[in-house]
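Structural overview
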Amino acid sequence: MAHRKGGAGKAAGGIAAGGKDLAGQSGAKESPEAPGRLPLGVYEAELARLQAELVALQEWVRSTGARVLVLFEGRDAAGKGSAIKRVTEYLNPRVVRIVALPAPTDRQRGEWYFQRYVEQLPAAGEIVLMDRSWYNRAGVERVMGFCTPAEHKRFMAQCPVFERLLIQDGILMFKYWFSISHEEQERRFRARLEDPLRQWKLSPMDREAILRWEDYSRAKDDMFMQTDTAESPWFVVEAEDKRRARINMIAHLLSSIDYTEVRTEPVTLPERPRAVNYTRPPRELYRYVPDHAAQLLKPAAE
């Protein structure tokens, strides 16, 4: 089997397992200045290459029974959802699953906090991408008063222990924080407001994200202080430019897993056998969808 670790190659900045660059510095600790927007052609070419590597990673996970868990956290409108979309675009939904849980039910509020997330953890041969996770308690629940100070304190104490248990059990877990400025967040909110296809993304919580920016900043700082551990580190994704954020996040994920190419037997297509004693029923017996596409080809009426 061909070794494919670091499928991101040099485009990933030389990041290796555990998020270390070639100089041995932790990628999570770096805070580069936001560069300009990545050119579209460069972005599309590298994204296609990385997505091919994601397919190879998927096949390795499926064949080896590995369990991969990726948490996507960050400010509202930071680009978590669009990054997840690019990760999963060509992957098998039977292997790669997106988890985006709604607000807890009354029953779930009476459970151990981590209980409903345990149900979503990857089984053997699965990759699970969490679009927000148990870190809701450290962020929105704390800022908006959806949990008590005692519940928040208990979460902060239990979270590193919980994650240590997952890692010790063999789950490959990665935590990404998508970081943007408040100016860029507001710009994206306004763009959604003006786009009828994306207005559904706006909610009253987005208004609070603007008004409580500093509260969220303090909550994030406290969260990192307690949960950015050597066993389960946070990796910060600079997300002012969504193209760079997607490329950097996917490249880092690929370079952090020691996967290998899984060779499979090539599929061949047989010759179609001739029909024997079968006549297709007349088309008039079926209800066909109207050919709306044909209307698009008609010349415009004068």
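Throughout, residues of each chain are indexed from 1 in the direction in which the sequence is written. The model is predicted, so local features are restricted to residues of pLDDT at least 70 and side-chain atom pairs to those at 80 or more, both for listing and for counting; the totals for chains, interfaces and linings are taken over all residues. Here the side-chain values reflect all heavy atoms present in the structure, with hydrogen atoms and water set aside.

Considerations on the packing of aromatic side chains
Which entries qualify depends on this criterion: A pair of aromatic rings is counted whenever rings of Phe, Tyr or Trp (Trp by its six-membered ring) have centres within 6.5 Å, and the orientation is called stacked for planes under 30 degrees apart, edge-to-face for over 60 and tilted otherwise. Helix numbers and strand numbers start at the N terminus; a helix is a DSSP run of H or I with at least 4 residues, a strand a run of E with at least 2. In this scheme, a residue with accessible area under 20% of its type's maximum is buried, one over 50% is exposed, and one in between is partly exposed, where area comes from a 1.4 Å probe on protein chains only. Here, a charge over a ring is recorded when the distance from Lys NZ or Arg CZ to the ring centre is within 6 Å and its angle to the ring normal is within 35 degrees.
Under the definition given, this model contains 20 aromatic pairs. Ring plane angle 45° and centroid distance 6.4 Å describe the contact between F72 and Y176, whose orientation is recorded as tilted. Within this pair, whereas F72 is found in strand β1 (residues 67-74), its partner Y176 is found in strand β4 (residues 172-179), the two being separated by 104 residues in sequence. Judged by its relative accessible area of 0%, F72 is buried. With a relative accessible area of 1%, Y176 lands in the buried category. Between Y286 and Y288, the ring centres sit 6.4 Å apart and the planes meet at 80°, which makes this aromatic pair edge-to-face. Among the aromatic residues, those joined into a ring-pair cluster are W112, Y113, F114, Y117, W134, Y135, F155, F162, W177, F224 and W234. We note R75 situated over the ring of W213; from NZ or CZ to the ring centre the distance is 3.5 Å. Against the face of Y288 rests R283, its NZ or CZ located 4.5 Å from the ring centre.

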